[in-house]
Amino acid sequence: KIVYPAKRAMIINKMSVLFIFILVFLYKYEEKDIIKDYISYLKGFQWIFLTTHGKWGEDGYLQKILEDNHISYVGPTSESALKTFHKHKALEIIWREKICPKWYAEIFKDIHQVTKALEMWGTIIIKPNDGGSSIGVSVCSNVTEALKAIEELQKQGYTPLLEELHEGTEFSISLVEGKASPPTEIIQEGIFTYEKKYFPSTAVTYLHPAHFPASVL
C-alpha cells in the first residue's frame, strides 16, 4: 500500500465550479496579473485532488494550468486527459494499439449517415463525443429518435457520436501509476446512467473482484 502524506490538500469538485470557471477563463485570455492570486492560493496546498467531471475537469485544460504552474495534483497528465476525453480520439488509439477489435463509431455528419447506421445495426447509441458520466446517452432504433437525441446534444454544446450498441457485462478498472487493479463488475439493467453511478441505488450491484473466469482475468 502506498501512502502519500499531505499536510494540506484541496479537493476541486463541482462545488468549486465558480472558482474553476474564473481560473480557466482568466488563464485562457492570459490575464496573468489577475490570475496570479488564484495560482498563489493553489500553491498553498501540497496536493490538488481533481474530482471535477466534464469539460475543464476532464479535458486536460485544468490539468495544464496546474502543470504550467508546477502545482502537484492527483490524476492523469493534461496530454492523456485530452486524448481520452474525446471518445472518438480515444477509440482510435485503442484500435491503433490493437487493444480490442474495431467497431462502428462515427462523429455525426448528416441524416444520411444516421439512416445508414440504423439500417446496418438496427439500434444505435448516440452520446456526446466530448462528455462523460453517461450524460446525454440515448438508445435509438429509428431516425426520429436519433435526430431528437442529436438535436438535444447540439443544443447543449456537445458533438454527437454515433456508435453501435454493445450488450454484455460492464466492468471498471482503476489505473494508478500505471498499475491496473482487478476489475469491478457492474450489475444493472439498461444504460448505466449518471443517477445510477453517483447516487445511492438498489438497481446497481458492484462485485469486486469481478466474478469472471480465470481465463478472462
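Going by the structure above, here's the rest.
Here the structure is a predicted model, which is why all the values come from computation and not from measurement. (Residues numbered from 1 in each chain as written. Predicted model: local features only at pLDDT ≥ 70, side-chain atom pairs only at ≥ 80, totals over all residues. Heavy atoms only, no water.)

Asker: How should I be thinking about the overall build of the protein chain in this particular structure?
Answerer: Counting its regular elements, the protein chain contains eight helices and 12 strands. For the protein chain, the proportion of its 217 residues judged to be buried stands at 33%. For the protein chain, the proportion of contacts with a sequence separation of at least 24, taken over those separated by at least 6, is 55%. Summed over its atoms, the accessible surface of the protein chain is roughly 14400 Å², and 57% of this surface lies on carbon and sulfur atoms. (Helix = DSSP H or I, 4+ residues; strand = E, 2+ residues; numbered from the N terminus. Buried < 20%, exposed > 50% of the residue type's maximum accessible area, 1.4 Å probe, protein only. Contact = heavy atoms within 4.5 Å. Areas by Shrake-Rupley, 256 points an atom, 1.4 Å probe, with all protein chains shown as cover.)

Asker: So what exactly am I meant to see when it comes to the environment of Ile-65 here?
Answerer: Tracing the backbone through its elements, the reader meets Ile-65 in helix H3 (residues 61–68). With 26 residues separating them in the primary sequence, Ile-65 and Ile-39 have C-alpha atoms 9.0 Å apart.

Asker: How should I be thinking about the pattern of salt bridges in this particular structure?
Answerer: Close approach of charged atoms allows side chains of opposite charge to pair. Evaluated as defined, the whole model comprises four salt bridges. Here Arg-96 and Glu-97 are joined by a salt bridge, their closest N and O atoms 4.0 Å apart. The exposure classification of Arg-96 matches that of Glu-97, with both residues exposed. Residue Lys-127 pairs with Glu-163 through a salt bridge whose shortest N-O separation is 2.7 Å. Remark: Glu-163 occurs in strand E7 (residues 160–164) and Lys-127 occurs in strand E5 (residues 124–128); sequence separation between them is 36 residues. (Salt bridge = Lys/Arg side-chain N within 4 Å of Asp/Glu carboxyl O.)

Asker: Sorry if this is basic, but what is going on with the environment of Gly-57 here?
Answerer: In this fold, Gly-57 is placed in the loop between strand E2 (47–50) and H3. In this structure the C-alpha to C-alpha distance between Gly-57 and Ala-81, which are 24 residues apart in sequence, comes to 9.2 Å. With residues near it in sequence (within four places) discarded, Gly-57 still touches Thr-52 and Gln-63.

Asker: Teacher, can you tell me more about the nonpolar core here?
Answerer: Nonpolar side chains in soluble globular proteins tend to be buried together. Residues Val-114, Ile-124, Ile-126, Cys-140, Ile-150 and Leu-162 are the most contacted members of the largest nonpolar core, which totals 13 residues. The set of elements that each furnish at least two residues to this core consists of helix H6 (111–121), E5 and helix H7 (143–155). It is H7 that contributes the most residues to this core, four residues altogether. Leaving out residues up to four positions away in the same chain, Ile-126 has contacts with Gly-136, Val-137, Ser-138, Cys-140, Ala-146, Ala-149, Ile-150, Leu-153, Pro-160, Leu-161 and Leu-162. Judged by nonpolar contacts, the second largest core, of 12 residues, contains Leu-42, Leu-50, Ile-65 and Tyr-73. (Core = buried A, V, L, I, M, F, W, Y, C linked by side-chain atoms within 4.5 Å.)

Asker: What is the right way to read the sheet that holds strand E4 (residues 105–107) from this model?
Answerer: Think of a sheet as strands paired side by side through backbone hydrogen bonds, with each pair either parallel or antiparallel. Pairing in this open sheet of four strands is antiparallel, and the strands run E4-E7-E5-E6 from one edge to the other. Every interior strand has two partners, whereas the edge strands, E4 and strand E6 (138–140), have only one. Averaged over neighbouring strand pairs, the angle between their axes works out to 25° when direction is ignored. For E4 and E7, the ladder comprises three bridges, and the chain directions are antiparallel. Bridge pairing in E7 places Ile-107 opposite Leu-161. Across the sheet, H6 lies against E4, E5, E6 and E7, angled at about 20° from E7, the strand it touches most. Contacting E5, E6 and E7, H7 runs over the sheet at an angle of about 10° to E5. (Pairing = 2+ DSSP bridges. Axes fitted to C-alpha atoms, helices over the stretch in contact; angles between N-to-C directions.)

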